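In case you want the letters, here they are:
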Amino acid sequence: MALKNDLLLRAARGEKTERTPVWLMRQAGRILPEYRAVRNSLSGFIELVSTPALAAEVTIQPVDILDVDAAIIFSDILVIPEAMGLPYQMVEKKGPFFPETVKTQSDLNKLKIADVASDLGYVLEAIRITKKELNNRVPLIGFAGAPFTIFCYMVEGSGSKTFSKARKMLYQAPEMAHQLLQKITDSTIAYLKAQIEAGADLIQVFDSWAGILPPNQYEVFSVSYMKQIADAIQEVPKTFFAKGAYFARESLAALDCQTIGLDWNMDIKESRELCGTKTLQGNLDPCALYASDKEIEKLTQQMLDQFGFEKHIANLGHGVYPDINPEKVKVFINTVKEYSSQKND
Ligand code: CP3
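Computed from a predicted model, the values in this text were never measured in an experiment. (Residues numbered from 1 in each chain as written. Predicted model: local features only at pLDDT ≥ 70, side-chain atom pairs only at ≥ 80, totals over all residues. Heavy atoms only, no water.)

Chemist: Go over the overall build of the protein chain with me, naming the residues and quoting the values.
Modeler: The helix and strand inventory of the protein chain stands at 16 helices and nine strands. In summary, the protein chain has a C-alpha radius of gyration of 19 Å against a globular reference of 20 Å for 345 residues, a match within 12%. Evaluated residue by residue, the protein chain yields a buried proportion of 59% over its 345 residues. Sequence separation of at least 24 residues holds for 74% of the intrachain contacts in the protein chain that already meet a minimum separation of 6. Surface exposure of the protein chain reaches about 14,000 Å², of which carbon and sulfur atoms provide 51%. The centroid of the 38 positive side-chain charges in the protein chain is displaced by 2 Å from the centroid of its 43 negative side-chain charges. (Helix = DSSP H or I, 4+ residues; strand = E, 2+ residues; numbered from the N terminus. Rg over C-alpha atoms; globule rule 2.2 N^0.38 Å. Buried < 20%, exposed > 50% of the residue type's maximum accessible area, 1.4 Å probe, protein only. Contact = heavy atoms within 4.5 Å. Areas by Shrake-Rupley, 256 points an atom, 1.4 Å probe, with all protein chains shown as cover. Lys, Arg positive; Asp, Glu negative; His and termini not counted. Charge placed at Lys NZ, Arg CZ, Asp CG, Glu CD.)

If you want it as structure tokens, here you go:
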């Protein structure tokens, strides 16, 4: 069955579209009171992630309420470490916490490559329910963390400004780091393929901690593993978003993928030059949504003008912040739709 709105997929493939598609990273959860109502009826985030019917419900909320051009499956990048044998907790107001981390070779040997059907079947079921309930209105984005970002959490055990415990392993035990990265990569490829089989129309890989590595290490410990993912997934368009990796835009653009995500520090014109013919996604400053409606309109129009009106998927430069008023998000979305339609007339 054909999608009624396939703007996202056409823009990703570099085709001309009537207007610029728009969605927001972290649109499911975080900002909508309707999300919090569902979440508060449960023991917490992890119960919501692992209850397919409810995960599907909160996946579709932003499509109904904000009228975005894509849904992104409600889950988390940390389901992969869990499936490999390293469970996480989500601590209220603090974020993820791993009671056990990877410190030694024997910790690493105990980890398995995720058995997607049995360990991550709940995500696949959530995708199948979402696809059915979306009824082809908009495409569904599947996702995973980049191996390096997942590695950071598995070694560090929690969020961190520096991830220096994780980075220490790159210097003290690089072989072990590579073995862990390979296990994560193998798990991630199997997971993304299963998401596509369950119905994901496009996949996005989030390298949220890309910006903490020097360029030479970024190539060796991150890009090379993302390359394996890019080469292995051929079924649907792929987006790679590496926050802070302004120094690696050219090598990211050399990956076999359709779209490169930009954060808000990255200059648009320079990124066009570095990324060649790839579609670009982004990159309004998430804090711009604290501005007045008029200012949001102005900043969004400026951003659209800089990207030009093709090979662009409008988004923020990172996930929407939790205290942003959904009305401001609507101003952003409506401005993208109206302004880019006018410009395409
Ligand atoms: O985009 C979407 O809306 C889909 C769902 C989604 C979540 N996490 C749900 C979530 C996606 C795509 C993610 C990705 C994710 N998770 C990333 C990469 C993207 C990025 O922002 O850089 C990272 C680094 C994580 C790890 C993670 N999960 C952290 C650090 C936290 C705590 C702080 C936070 O971001 O809110 C989470 C929890 C989390 N994941 C929440 C949601 C809706 C909030 C938990 C809650 O409802 O209590």
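Past the structure itself, the notes keep going.
Chemist: Account for the nonpolar core, with residues named and values stated.
Modeler: Counting 129 residues, the largest nonpolar core has Leu-120, Phe-151, Tyr-218 and Phe-332 as the members making the most contacts within it. Here the element with the most residues in this core is helix α11 (residues 174-198); it accounts for 11 residues. Among residues more than four places away in sequence, those in contact with Leu-120 are Val-79, Ile-80, Ala-83, Ala-114, Asp-115 and Tyr-191. (Core = buried A, V, L, I, M, F, W, Y, C linked by side-chain atoms within 4.5 Å.)

Chemist: Please provide a residue-by-residue account of the packing of aromatic side chains, values included.
Modeler: By the definition in use, this model includes 11 aromatic pairs. Pairing Phe-163 with Trp-209 gives two aromatic rings, centres 4.8 Å apart and planes at 55°, and the pair type is tilted. On the criterion of sequence distance, the pair formed by Phe-163 in the loop between α9 (147-156) and α10 (164-172) and Trp-209 in the loop between β5 (202-207) and α12 (215-232) is long-range, its members being 46 residues apart. Judged by its relative accessible area of 23%, Trp-209 is partly exposed. Between Tyr-218 and Phe-247 the ring centres are 5.6 Å apart and the planes differ by 90°, which places this aromatic pair in the edge-to-face class. In this pair, Tyr-218 sits in helix α12 while Phe-247 sits in the loop between β6 (238-242) and α13 (249-253), placing the two residues 29 residues apart along the sequence. Assessed through its relative accessible area of 27%, Phe-247 is described here as partly exposed. Taken together, the ring pairs in this structure connect Tyr-35, Phe-45 and Phe-74 into an aromatic cluster. (Phe/Tyr/Trp six-rings, centres within 6.5 Å; stacked < 30°, edge-to-face > 60°.)

Chemist: Before we move on, could you go through the environment of Tyr-122 and cite the residues and values that matter?
Modeler: With respect to the helices, strands and loops of the structure, Tyr-122 is situated in helix α8 (residues 121-134). For Tyr-122, a relative accessible area of 17% puts it in the buried group. Spatially, the C-alpha atom of Tyr-122 lies 14 Å from that of Thr-59, the residues being 63 residues apart in sequence.

Chemist: Outline the pairing of strand β9 (residues 312-316), supporting the account with residue identities and numerical values.
Modeler: Summarising burial for β9: five of the five residues are buried, a large majority. Going residue by residue along β9, you find His-312, Ala-314 and Leu-316 tucked away on one face and Ile-313 and Asn-315 tucked away on the opposite face as well. Note that strand β8 (residues 279-284) and β9 share five bridges and pair parallel. The partner of Gly-282 across the bridge, within β9, is Ala-314. Handedness of the β-α-β unit built from β8, helix α15 (residues 293-307) and β9 comes out right-handed. (Pairing = 2+ DSSP bridges. Right-handed = clockwise from strand over helix to strand, strands pointing away.)

Chemist: Talk me through the packing of α9 against α10; I want residue IDs and the actual numbers.
Modeler: Geometrically, a packed helix pair is captured by the angle between its two axes and the distance between the axes. With their axes 8 Å apart at the nearest point, α9 and α10 run at an angle of 105° to one another. Considering their axes alone, α9 and α10 lie roughly perpendicular with respect to each other. Packed against α9, whose contacting residues are Phe-148, Phe-151, Cys-152, Val-155 and Glu-156, the element α10 presents Ser-164, Lys-165, Ala-166, Met-169 and Leu-170 at the interface. Here the residues of the contact of α9 with α10 are counted per class, giving seven nonpolar, one polar and two charged. (Axes fitted to C-alpha atoms, helices over the stretch in contact; angles between N-to-C directions. Parallel < 35°, antiparallel > 145°, perpendicular 65-115°, else oblique. Nonpolar A, V, L, I, M, F, W, Y, C, P; charged D, E, K, R; others polar.)

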